[in-house]
Amino acid sequence: MQIKHWKKFQHFKDRKPPWVKLYRDVLDDLEWYELDPLASKVLVMCWLIASEDDGRLPPVKTLAFRLRMTEKQTNDCLNKLSHWLEQDDINEISERYHDDSLETERETEKEKETEVEKKKGTKGSRLSTDFVLPEDWIAFCQTERPDLNPQKVFDSFKDYWVAKAGAAGVKLDWTATWRNWVRNQNIAKPLFNKADVAHVTVPSSSNRDPALVKLDEDRKKAAPPNPEVLAKIRAVLGKTA
């Protein structure tokens, strides 16, 4: 047995998508409404099973196993589905099924496939673990930031983006990402702390050092030593000499 005009339900030749077409025409199909619940369920299952073999159904024994039914139950249901099943391609499906243009549907599917291909062209990528530093990247770094070592910058760049998880690690243009990375590198800071550097203040040649001026003023203000004290000092110094 096979599904009548299977191409109406599934017309792809080179691939077998996991779905079949169900047309709105069934809403006005008297044969469908006269089916009992079990037979209508079996019909849908037959459509799905037939999608595995270009519209053909397996032998009744296999079909019964796939439907989880006995062979007698399967045969009884198949007898009720003659409106949708056939032994060969001679019988015709309801005329209203031919009103829709298969060519139009194929064109629609083709347009969708083309749109998918275009989207693939804008899909980003991750940085490969075996990616090496290109010559043009080196040249850009040397021109834009001659203070940097291109290889060292690239090593940190690669380690960062290879380890970056999720969508944040996917880029459309890695060259542009590299350029921004180089531009954003911080300028090397000095190895010493300015606060640790001693600063010496040298007075101008036109003004005396305030400290020396203070010493002179203190010297002038000091009282002369007591004469008796000076005599004793001289006597002590004479003895030691």
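Above this note sits the structure.
Fair warning: this is a prediction, and the values are worked out from it, not measured in the lab.

Moving on to the overall build of the protein chain. Along its length, the protein chain carries 10 helices and two strands. For the protein chain, the α and β elements follow one another from N to C terminus as β-α-α-α-α-β-α-α-α-α-α-α. When contacts within the protein chain are restricted to residue pairs at least 6 apart in sequence, those whose partners lie at least 24 apart make up 68%. If you sum the accessible surface of the protein chain, you get close to 18200 Å²; carbon and sulfur atoms cover 55% of it.

The contact between helix H2 (residues 37-50) and helix H3 (residues 60-67) brings their axes to 11 Å, and the two run at 110 degrees. It follows from the interaxial angle that H2 and H3 lie roughly perpendicular. The crossing of H2 and H3 is right-handed. Seen from H2, the contacting residues are Val 42, Met 45, Cys 46 and Ile 49; seen from H3, they are Leu 63, Arg 66 and Leu 67.

A few words now on the environment of Leu 78. Note that Leu 78 resides in helix H4 (residues 71-80). Sequence separation of Leu 78 and Val 42 is 36 residues, and the distance between their C-alpha atoms is 8.3 Å. If near-sequence neighbours (up to four positions away) are discounted, Leu 78 is found in contact with Cys 46, Val 60, Leu 63 and Leu 85.

Quick look at the pattern of salt bridges now. Enumeration according to the criterion identifies five salt bridges in this entry. The salt bridge partner of Asp 36 is Lys 80, with a shortest N-O separation of 2.7 Å. Remark: Lys 80 occurs in helix H4 and Asp 36 occurs in the loop between helix H1 (30-33) and H2; sequence separation between them is 44 residues.

We now examine the packing of aromatic side chains. Taken as a whole and judged by the stated rule, the model has 14 aromatic pairs. Between Trp 137 and Phe 154 the ring centres are 6.3 Å apart and the planes differ by 65 degrees, which places this aromatic pair in the edge-to-face class. With Trp 137 in helix H6 (residues 135-144) and Phe 154 in helix H7 (residues 150-163), this residue pair connects regions lying 17 residues apart in the sequence. Members of the aromatic cluster, each reached through a chain of ring pairs, are Phe 131, Trp 137, Phe 154, Phe 157, Tyr 160, Trp 161, Trp 174, Trp 178 and Trp 181. Lying over the aromatic face of Phe 65, Arg 68 brings its terminal NZ or CZ to 4.9 Å of the ring centre.

Reading the values: rules and limits
- Residues numbered from 1 in each chain as written.
- Predicted model: local features only at pLDDT ≥ 70, side-chain atom pairs only at ≥ 80, totals over all residues.
- Heavy atoms only, no water.
- Helix = DSSP H or I, 4+ residues; strand = E, 2+ residues; numbered from the N terminus.
- Contact = heavy atoms within 4.5 Å.
- Areas by Shrake-Rupley, 256 points an atom, 1.4 Å probe, with all protein chains shown as cover.
- Axes fitted to C-alpha atoms, helices over the stretch in contact; angles between N-to-C directions.
- Parallel < 35°, antiparallel > 145°, perpendicular 65-115°, else oblique.
- Left-handed = near helix turned anticlockwise from the far one by under 90°.
- Salt bridge = Lys/Arg side-chain N within 4 Å of Asp/Glu carboxyl O.
- Phe/Tyr/Trp six-rings, centres within 6.5 Å; stacked < 30°, edge-to-face > 60°.
- Lys NZ or Arg CZ within 6 Å of the ring centre and 35° of its normal.

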